[in-house]
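Observations on the three-dimensional arrangement
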Amino acid sequence: MLTVHRESRRLSRRLSFSASGRELAPAVTLRRTFREFWPDTRGLRPLFAAGVVFAVLAALCEVAAIRLFGHITDEVLTTRNLEAFWVPAFSWLGLATVAGAASFAGAYITALGAERFLLRLRDRVFGHLQTLAPDYAEKRRLGDLMARLTDDVEAIEELVGSGLVKAITTAASVVFFAGAAFLVRWDLALVTLALIPAFLVVSKLFAARFRVAAARERHSNGAMNSVLEEGLANQPLVQAYNRQRDEARRLHREGRTWLRANLSQAWLSGLYGPVVQVIETVCLIIVLGVGAWEIAAGRLTIGGLLAFAAYLALLYPAVQGLGELALTVSEAAAGSDRIIEVLRARPAVTDAPAAVAAGQGRGRVEFDRVGFAYPGRASRPALHEVSFVAEPGEVLVITGPSGAGKSTLAKLLLRFYDPDEGRVLLDGADVRGLTRESLRENVTVLHQETMLFSGSVRDNIAYGRPAASMEEIIRAAETAGVHDFVQDLPRGYDTPVGQRGRLLSGGQRQRVAIARAVLRDAPVLVLDEPMTGLDEETAAQVMAPLGRLMTGRTTILITHDLRQVPSGARVIGLRPVPRHERIRLKRAGVPRLARDRTGAGHGASRTGRQEAAHAVRSSGPVPVPLPREPPEPRGPREPREPREPREPLVPEPGGVDAGP
Ligand SMILES: Nc1ncnc2c1ncn2[C@@H]1O[C@H](COP(=O)(O)OP(=O)(O)OP(=O)(O)O)[C@@H](O)[C@H]1O
Ligand SMILES: [Mg+2]
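Just so you know, these numbers come straight off a predicted model, no measurement behind them.

Counted under the stated rule, the structure contains 11 aromatic pairs. Following the ring pairs from residue to residue traces out a cluster consisting of Phe85, Trp86 and Phe90. One cation-aromatic arrangement involves Arg299 over Trp293; the distance from NZ or CZ to the ring centre is 5.1 Å.

Moving on, we get to the sheet that holds strand β4 (residues 421-426). Here four strands make up an open sheet; going across it, the order is β2-β1-β4-β5 and the pairing antiparallel. Every other strand in the sheet has two partners, leaving β2 (383-390) and β5 (429-430) as the edge strands with one partner each. Both β4 and β5 contribute to a ladder of two bridges, which runs antiparallel. Across the sheet, residue Leu425 finds its bridge partner in β5, namely Asp430. Its contacts with the sheet put helix α13 (residues 406-413) on β1 (365-372), β2 and β4, and the angle it makes with β1 is roughly 110°.

Moving on to the nonpolar core. One finds Val457, Ile461 and Val482 to be the most contacted residues of the largest nonpolar core, which totals 40 residues. Those elements that place two or more of their residues in this core are β3 (395-399), α15 (457-461), α16 (470-479), α17 (483-488), α18 (506-520), β7 (524-528) and α19 (536-550). Per element, the largest residue contribution to this core is seven residues, and it comes from α18. Split by domain, the residues of this core number at least three in each of domain 2 (360-442 + 548-648) and domain 3 (448-521). If we ignore the near neighbours within four places in the chain, the residues touching Val457 are Val482, Val486, Leu489, Gly492, Tyr493, Thr495, Val497 and Val512.

Now for a nonpolar patch on the surface. A surface patch of nonpolar side chains, amounting to about 480 Å² of accessible area, comprises Leu82, Trp86, Phe90 and Leu93. By secondary structure assignment, the location of Leu82 is in the loop between α3 (45-77) and α4 (86-131).

As a further point, take helix α7 (residues 162-184). The terminal C-alpha atoms of α7, which comprises 23 residues, lie 32 Å apart, in line with the 33 Å expected from a rise of 1.5 Å per residue. All of the buried residues along α7 are Gly163, Val165, Thr169, Thr170, Ala172, Ser173, Val174, Phe177, Ala178, Ala180, Ala181 and Val184.

Attention now goes to the packing of α3 against α7. Describing two packed helices takes the angle between their axes plus the distance from one axis to the other. Remark: α3 packs on α7, axes separated minimally by 9 Å, with the N-to-C direction vectors making an angle of 20°. As the angle between them shows, α3 and α7 are arranged roughly parallel. For the crossing formed where α3 meets α7, the hand is right-handed. Residue-level contacts link Phe48, Gly51, Val52, Ala55, Val56, Ala59, Leu60, Glu62 and Val63 of α3 to Ser162, Val165, Ile168, Thr169, Ala172, Ser173, Phe176, Phe177 and Ala180 of α7. Considered class by class, the residues forming the contact of α3 with α7 number 13 nonpolar, four polar and one charged.

Close to ligand 1 lie 15 residues; Asp135, Ser402, Lys406, Ser407 and Thr408 are nearest. Between ligand 1 and the protein, one listed contact pairs a nitrogen atom with a side-chain N or O atom of Tyr374 at 3.5 Å. Separating a nitrogen atom of ligand 1 from a side-chain N or O atom of Arg377 is a distance of 3.3 Å. The fraction of the free accessible surface of ligand 1 (640 Å²) that becomes covered by protein chains is 73%.

Here the focus is the pairing of β4. Working note: regular strand, side chains alternate between the two faces of the sheet. Most of β4 sits out of view: six of its six residues are buried. As defined by bridge partners, β1 adjoins β4 across five bridges and the pair is classed as antiparallel. Directly across from Phe367, in β4, lies its bridge partner Val424. Linking two consecutive strands that pair antiparallel, namely β4 and β5, is a turn of two residues; a positive phi of about 50° is found at Asp427 within it.

About the cut-offs
- Residues numbered from 1 in each chain as written.
- Chains lettered and ligands numbered in written order.
- Predicted model: local features only at pLDDT ≥ 70, side-chain atom pairs only at ≥ 80, totals over all residues.
- Heavy atoms only, no water.
- Phe/Tyr/Trp six-rings, centres within 6.5 Å; stacked < 30°, edge-to-face > 60°.
- Lys NZ or Arg CZ within 6 Å of the ring centre and 35° of its normal.
- Pairing = 2+ DSSP bridges.
- Helix = DSSP H or I, 4+ residues; strand = E, 2+ residues; numbered from the N terminus.
- Contact = heavy atoms within 4.5 Å.
- Axes fitted to C-alpha atoms, helices over the stretch in contact; angles between N-to-C directions.
- Core = buried A, V, L, I, M, F, W, Y, C linked by side-chain atoms within 4.5 Å.
- Buried < 20%, exposed > 50% of the residue type's maximum accessible area, 1.4 Å probe, protein only.
- Domains from an automatic or database assignment.
- Patch = residues over 30% accessible without salt bridge, like charges linked within 9 Å, V, L, I, M, F, W, Y side chains within 5 Å.
- Areas by Shrake-Rupley, 256 points an atom, 1.4 Å probe, with all protein chains shown as cover.
- Salt bridge = Lys/Arg side-chain N within 4 Å of Asp/Glu carboxyl O.
- Expected span 1.5 Å × (residues − 1).
- Parallel < 35°, antiparallel > 145°, perpendicular 65-115°, else oblique.
- Left-handed = near helix turned anticlockwise from the far one by under 90°.
- Nonpolar A, V, L, I, M, F, W, Y, C, P; charged D, E, K, R; others polar.
- Near = heavy atom within 4 Å.
- Polar contact = N/O pair within 3.5 Å; in protein donor to acceptor, adjacent residues only side chain to side chain.

Here it is in C-alpha cells:
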C-alpha cells in the first residue's frame, strides 16, 4: 500500500517534469530520443547492465523466498513439525540477505550511472549554449533555459538511463512473478491475470488527470517563481515606488493558484491508493475463494495458496509499474525535444576550417563597408555601408543616437556575428579567417552594463586572466582606481561583491570592470558607454583610470556624451539606417551575403587619412566621420606596463563636431 502510494507520487512528479515541456514541444519519437542521447551513455553502459543484473537477482531471490514461505506453511505449520523448520528458515534468511545486498547494489550502481549520465548531459547542453551568440540566451526567458538544464535533462535521464534499467527489470519481474504463480496453480493464475486490465484502466484514468494537475502545478510554479525572482531582483525599485504591498499581493495570488494545483494533485494521489487497494482486495478475495475450493478438491495446499497470494502482491505493482513506464516514456520524450531544440541551435558563427590564430597584434581595426542585420530582422538592418579605421594606439570615438548600431559594432568586432556585407579586419586580416579565441584575446570590451560575478573582488578582476598573480591583480587595481576603496572593504580583495556586484557602488563596479580590462591587456579596447548610469562625480573618478587603460591601445570609445571625449580623439558619428534606405535595401534584397571584394578597391592598403575621407564619401546616410586631425599611427603596443596617460581625458565639448 505504502509502495503504491509512493509510486503514485513519483508518477505525478515525473509527469510534471515532462508536462511542462510538452506545452512547448511537438512530440518526438522514442527512437529519435535514443538516437540523440544513447551515445552519451558510452562508458556507463556496464553500470546500467550491472544494475539490471542485480535487480533481477533480487527479484529471483524474492521468488525463492516466497516458495520457502509456502514450504514452511505446509511442512512446519500445518504438520506442527518443528524439526523441519530450521533448514528452510535459515535458507530464507540467507536469501533475504542476498536479496537485500543485490537490491542495494542494483539501486546504487544504477544511481551511479544515472548521476554521471545526468552530469554529462547537462555539461553537454550548457557547453553548447556557451557556443551560441549571447543573444540566444538573452532572447529567451532565463527561467525556461534553467528548466531545460535541470528538469528536462533529468527527464531524459529517467528515460534513457535509469528508465531503461527500470523497464528491463520491471518486465523481468512481471515474468518471474507471473511464472511462479503459474507454477503454483496455473488455472488460478489465469483467473487472476484476467483482472490485470482493471489495474491498467485505473492507472490510465488517474494518469490522465495527474498529467493535467501536474501541468497546472508546473505552470503556476513557474509563474510564482518569476514573481519571486522579479520582486527580489527589483527590490530597490519596488521599495522606492512603494509597491511592496502590490508585490506581496501578486505573490499571494500566484501562491493561491499554486496551492489549488497542489491540492488537486494531493487529492488525486490520496484517492489513487485506496482505489488500487480496493481492486487488490477484490483480487485477493477471488483468489481465496477459488483457492479454498481448490484446497477442498485437493489440488492446492494452504502453503501453496499463501505463496500464490504473495506472488500476486508482488506482481500487481510490477504490472502497474509497466503501465506507468509506458506513460513516462512518452512524456519524457517531450522533455528531450526541448533539449534537442537547444542542441540543434547552430552558433551564428564558427571558426573557418582554415582559421589561423591571430597572435599578439598591433591592434589596427578596420570596418570596410559593413552591412549587417540581426537574424530574423533582415528588413531592418542595424548597419549599412559603415567604414572606418582605428589605427594602432588611436582613440576613435563613435557617437550617435540610441539604436544607431554602436553596440552592434562591438559584437561584430568580437565576431558574435558576421557582417552580411563588407569586412571587419584586425591588423589587415579579415576576422572571419581568425580563430574566435585568438581574436577575442586581442579585443577587450567594456560592456554597456557592467557584468560582475558573485565571487570576490579578486576573482572578478582576474576573470579574463585566471592565472594572474596577486601582484598583477593589485597593479591592475591601482591603475583602475580600485585599490583605494578595496582597502576599506572588510576582507579586502577577498570581499564578496554580491549578486552581480550589487554590494559595490555603481562607480566601484565600473572600476572593477576596468581593472579586469587592464589585467587582460589586449591591444584593442572597446568601451561601450563606460559612464552609463554614473553621476558626474563618479564619472570623473572613473575617467582617470579609463585614461590610463586607453593609453597605448587602440581604443574605440562609444559614447553619446561628448564631454567624455579625450582631446585629440577622432570622432565619427553613426546614424540609424533611415527608413527610406531600409525600404530601398529591402527591395534590392539587401542585406545579402558578402559579395566579391577583390575589385572594389577597399583594400587595407590606404592610409588612415584616406580611410577617413572614404568614410565621408561612402557614408551616404549612415556614418558621418568628422576627422579633426589625422590620426597619428603609433608603434606596436608594448605589453603589460601601465603607462602614464598619453592624453588627459579632458571634457572638450566645444572641440568636437558631433555629426549631423
Ligand atoms: N540582439 C538583437 N536582435 C535584434 N535586434 C537587435 C539586437 N540588438 C540590437 N538590435 C537592434 O539593432 C539596432 C542597433 O542596436 P545597438 O544596440 O547597436 O544600438 P546602440 O547604438 O548601441 O544604442 P544605445 O546607444 O541605446 O546603446 C537597434 O535598432 C536594436 O533594436
Ligand atoms: Mg549600445
